[in-house]
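Fold and geometry: a report
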Amino acid sequence: MLEFPLLSVESAQGEREEESHGEGEKERLAWLREGGEKRRMWLGFSKSQVVTALVLAFAAPLNAQDGPQDYLSALNRVRSQVYVGPLVWHEMLAGYARSYARLRGDCHLILANAPYGKTIAAFFSDDSAVQAVSLWAMVRPQYNYQTNTCAAGTNCLQYTQVVWRKSVSVGCAKVRCDNGGTFFACYYDPKGNIPGERPY
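Residues numbered from 1 in each chain as written. Predicted model: local features only at pLDDT ≥ 70, side-chain atom pairs only at ≥ 80, totals over all residues. Heavy atoms only, no water.

Tallied over the full model, the rule gives eight aromatic pairs. Note on Tyr-116 and Tyr-187: the rings are 6.4 Å apart at their centroids and 65° apart in plane angle, and the pair reads as edge-to-face. Taken together, the residues Tyr-116 in the loop between β6 (109-111) and β7 (117-123) and Tyr-187 in strand β11 (residues 182-189) connect sequence positions 71 residues apart. On the basis of relative accessibility, which here comes to 17%, the residue Tyr-116 falls in the buried class. Here Tyr-143 and Tyr-145 contribute two aromatic rings whose centre-to-centre distance is 6.4 Å and whose plane-to-plane angle is 80°, an arrangement assigned as edge-to-face. In this structure Tyr-143 comes out as buried when scored by relative accessible area, which is 10%. (Phe/Tyr/Trp six-rings, centres within 6.5 Å; stacked < 30°, edge-to-face > 60°. Helix = DSSP H or I, 4+ residues; strand = E, 2+ residues; numbered from the N terminus. Buried < 20%, exposed > 50% of the residue type's maximum accessible area, 1.4 Å probe, protein only.)

Another point: the pattern of salt bridges. It is possible for side chains of opposite charge to pair when their charged atoms get near one another. Scanning the model with the defined rule gives five salt bridges in all. The salt bridge involving Asp-66 is made with Lys-174; its shortest N-O contact spans 2.8 Å. With Asp-66 in the loop between α1 (47-58) and α2 (68-80) and Lys-174 in strand β10 (residues 169-176), the pair connects residues that are 108 residues apart, well separated along the chain. Classification of Asp-66 by relative accessible area gives partly exposed; the value is 26%. A residue is classified by how much of its surface remains accessible, and Lys-174, at 24% relative accessible area, is partly exposed. The closest approach of N and O atoms between Asp-126 and Lys-174, which form a salt bridge, is 2.5 Å. One end of the pair, Asp-126, is in the loop between β7 and α4 (129-137); the other, Lys-174, is in strand β10, with 48 residues separating them in the sequence. Residue classification places Asp-126 among the partly exposed positions, given a relative accessible area of 48%. Where salt bridges share partners, they join Asp-66, Asp-126, Lys-174 and Arg-176 into one cluster. (Salt bridge = Lys/Arg side-chain N within 4 Å of Asp/Glu carboxyl O.)

Taking 1.5 Å per residue as the helical rise, α2 with its 13 residues ought to reach 18 Å, and the 18 Å between its terminal C-alpha atoms agrees with that figure. For α2, every residue scored as buried is listed here: Tyr-71, Leu-72, Ala-74, Leu-75, Asn-76, Val-78 and Arg-79. Tucked into the core, α2 has its buried residues touching β5 (88-89), α4, α5 (157-162), β10 and β11. (Expected span 1.5 Å × (residues − 1). Contact = heavy atoms within 4.5 Å.)

Here is the structure:
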């Protein structure tokens, strides 16, 4: 089971709740401003990738919902960029995603083994399906198709799952976390990220 550190907060007065991150990882903190408070989220991405994802996320309509078509449209837009066919919604997978997301009331990003492929994301506030998919898509530059690997020190497996050609069905869910944030999970069938295979 892999566990990823998620978030810490710095107030406008400069008081910090610190987490242990390596020196080189400080560049990978995304700063968000909401009201009078600065917030940061540990994403494991560079500043330029975070900026790109935020631009894409905020380009979405403000009334974006989190229904099946919202997930499908966002996911299939990413897949079309690498000429992979569209996913179709599967309610059974959405049920599994809901069950798993409800276990993540703490909003911690934990990937566990499952019979289906999975992508997860967490936010401080009530964000949308489009924003979750934007996080998964923004690591595309970290994936090297020629070597079929992620760049050193990065994790691009959520992106490769999104674009996995053999995955044809998806179901997603969103829950509010105990801290007021939101947690997203999508399950894919067949499962992607098979060792030795390329996503497309």
